[in-house]
Amino acid sequence: MEFKNSLVFAQQLDAIDPLRKYRNEFHFPKVKGKDVIYFTGNSLGLQPKRTQKFVDDIMKDWKDLAVEGHFHAEKPWWDYHERLAAPLAKVVGAKTPEVSVMNTLTVNLHMLMVSFYRPTQKRFKIICEEKAFPSDQYMLNSQVEFHGFDPDTAIVEVKKRPGENFWHTQDVLDKINEVGEELALVLIGGVNYYNGQVFNMEAITKAAKAQGAFVGWDLAHAVGNVGLNLHDWGVDFAAWCSYKYMNSGPGNASGIFVHEKYLNNNEIPRFEGWWGTKKETRFLMKPEFEPMENADAWQVSNPPVLSLAPYLASLEMFDEMGMETLISKRKLIVAYLEFILQEIDKETDGSFEIITPKDRGCQLSVFLHGQGKELFNYLMENGVITDWREPNVIRLAPAPFYCSFADMYNFGQILKSGILAKG
């Protein structure tokens, strides 16, 4: 498609957008009386309007039924989380029994490490990406130390090549083969939070499994953003937060994936609690733990239904449209945003460097050479909600559910005005 830097062209793309009706399904903050251009769905998604009813329903059931809401609400609380498994399985490419919702992301990674990081004196090393998200770094360091190993030798980082801003898949595969029989686990962010790169999860999983290692993925920036096929790729486990592209609300519940070959297994190491036991015998209060036959076996506590309600509301929309439609628009709108950036670069003295490679999801990370935080502040003051990362990167994530092509054009005009004003 031949793009044009014009409002008319952008509006033409919006007119044929199969997701155009969903823009009105979300609440937008306002700046100077106008809806913002929202580029931070990679940090916190906008609130779906239908969320309110899902939460209100629970509040009414609590008011009217009190404890009886566990079993007699329209959506009984004791199995509320089960409603999320099937639509989530479609999003991550899993079988429904392989998915559960519980806790928060880093808590779930720690819980899953109990099962899938089982180091020995010979096989104890973990491969991750250079400068992984800090929470992942802290989690990995503490897990390694807990098992009596030194993070400096047990954690192996795959680095970017000198002078480059992205990873090469071959470098990851080479590092897996180099560590070889010492490799216990590969745990990488499926989409890098800083540069927006999508790792080749299928190839990396295959290579690590060939070395006899477990493979897990932190999918915080991947779920609801890129195509996933966790079951068929043979991934052992994964976890993700729900408040970015999944629009479930700040700090909300996390999802997990556990491959079916580990399900219905009472021998696998696991931290266990009441809500992981079989539903049929749970209220018999038996001393023996009988695991659920699905990923719910990793649950330890009853589900926080007030947190799950917004997640269920958002998943309803994902189920209505499907990931294929979302991904199709995402590819087009990110390409159009890239074009707009290039056009504004030509028209001004700005100097932009897009550090996100072509293997990307919804995000473009842009170096603002010579512009700095003054330009970022100008954008924020003029209704463009974007994200700053030191030293001089802005992250732009046009989430396809609610961002329009007209937003991309209008952003370009505001960006141009900001450069000229600061020039």
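Residues numbered from 1 in each chain as written. Predicted model: local features only at pLDDT ≥ 70, side-chain atom pairs only at ≥ 80, totals over all residues. Heavy atoms only, no water.

- Per an unreviewed UniProt entry, the chain goes by the name Kynureninase and belongs to Arenibacter palladensis.
- Note on the chain: under the UniProt heading Cofactor (unreviewed entry), the record states "pyridoxal 5'-phosphate".
- Here is the UniProt Sequence similarities (unreviewed entry) comment for the chain, exactly as written: "Belongs to the kynureninase family." (UniProt positions renumbered as here; feature names shortened; annotations may be inferred.)

## Some thoughts on the overall build of the chain
Line of reasoning, step 1. Scanning the chain from N- to C-terminus turns up 14 helices and 17 strands.
Line of reasoning, step 2. Against the globule reference of 22 Å for 423 residues, the chain gives a C-alpha radius of gyration of 23 Å, in line with a compact fold.
Line of reasoning, step 3. The principal-axis extents of the C-alpha atoms in the chain amount to approximately 70 × 60 × 35 Å.
Line of reasoning, step 4. Among the 423 residues that make up the chain, the fraction classed as buried is 57%.
Line of reasoning, step 5. On the chain, roughly 18100 Å² of surface is accessible, and the fraction owed to carbon and sulfur atoms is 51%.
Line of reasoning, step 6. Of the charged side chains in the chain, 45 are positive and 55 negative; the average position of the first set lies 3 Å away from that of the second. (Helix = DSSP H or I, 4+ residues; strand = E, 2+ residues; numbered from the N terminus. Rg over C-alpha atoms; globule rule 2.2 N^0.38 Å. Buried < 20%, exposed > 50% of the residue type's maximum accessible area, 1.4 Å probe, protein only. Areas by Shrake-Rupley, 256 points an atom, 1.4 Å probe, with all protein chains shown as cover. Lys, Arg positive; Asp, Glu negative; His and termini not counted. Charge placed at Lys NZ, Arg CZ, Asp CG, Glu CD.)

## Quick notes on the sheet that holds strand β12 (residues 254-258)
Line of reasoning, step 1. The strand order β6-β12-β11-β10-β9-β7-β8 describes an open sheet built from 7 strands, whose pairing is mixed. Looking at strand neighbours, the two that pair on one side only are β6 (99-102) and β8 (155-158), the edges of this open sheet. Taking each pair of neighbouring strands and ignoring which way they run, the sheet shows an average axis angle of 20°.
Line of reasoning, step 2. Judged from the 3 bridges that link them, strand β10 (residues 214-218) and strand β11 (residues 237-240) form a sheet pairing that is parallel. Paired with Trp217 across the two strands is Ala238, which belongs to β11.
Line of reasoning, step 3. Across the face of the sheet, helix α8 (residues 169-179) comes into contact with β7 (125-129), β8 and β9 (183-189) while running at roughly 155° to β8.
Line of reasoning, step 4. The strands touched by helix α9 (residues 201-210) within the sheet are β9 and β10, with β10 carrying the most contacts at an inclination of about 155°. (Pairing = 2+ DSSP bridges. Axes fitted to C-alpha atoms, helices over the stretch in contact; angles between N-to-C directions. Contact = heavy atoms within 4.5 Å.)

## Some details on the nonpolar core
Most often, soluble globular proteins have nonpolar side chains that are buried together.
Line of reasoning, step 1. In terms of nonpolar packing, the biggest core is built from 108 residues, with Trp217, Leu219, Trp240, Tyr336, Phe401 and Phe411 touching the most fellow members.
Line of reasoning, step 2. Formed jointly, this core draws a minimum of three residues from each of two domains, domain 1 (7-49 + 322-421) and domain 2 (81-302).
Line of reasoning, step 3. Counting 33 residues, the second largest nonpolar core, distinct from the first, contains Leu112, Met113, Ile126 and Phe149. (Core = buried A, V, L, I, M, F, W, Y, C linked by side-chain atoms within 4.5 Å. Domains from an automatic or database assignment.)

## Quick word on the packing of helix α4 (residues 82-92) against helix α11 (residues 305-321)
Line of reasoning, step 1. The N-to-C vectors of α4 and α11 enclose an angle of 45°; their axes lie 10 Å apart at closest approach. Judged by the angle between their axes, α4 and α11 are oblique. Crossing handedness for the pair α4 and α11: left-handed. Taken together, the residues of α11 that come into contact with α4 (itself represented by Arg83, Leu84, Pro87, Leu88, Lys90 and Val91) are Leu308, Tyr311, Leu312, Leu315, Phe318 and Asp319.
Line of reasoning, step 2. Here the contact of α4 with α11 is built from residues that sort into 9 nonpolar, no polar and 3 charged. (Parallel < 35°, antiparallel > 145°, perpendicular 65-115°, else oblique. Left-handed = near helix turned anticlockwise from the far one by under 90°. Nonpolar A, V, L, I, M, F, W, Y, C, P; charged D, E, K, R; others polar.)

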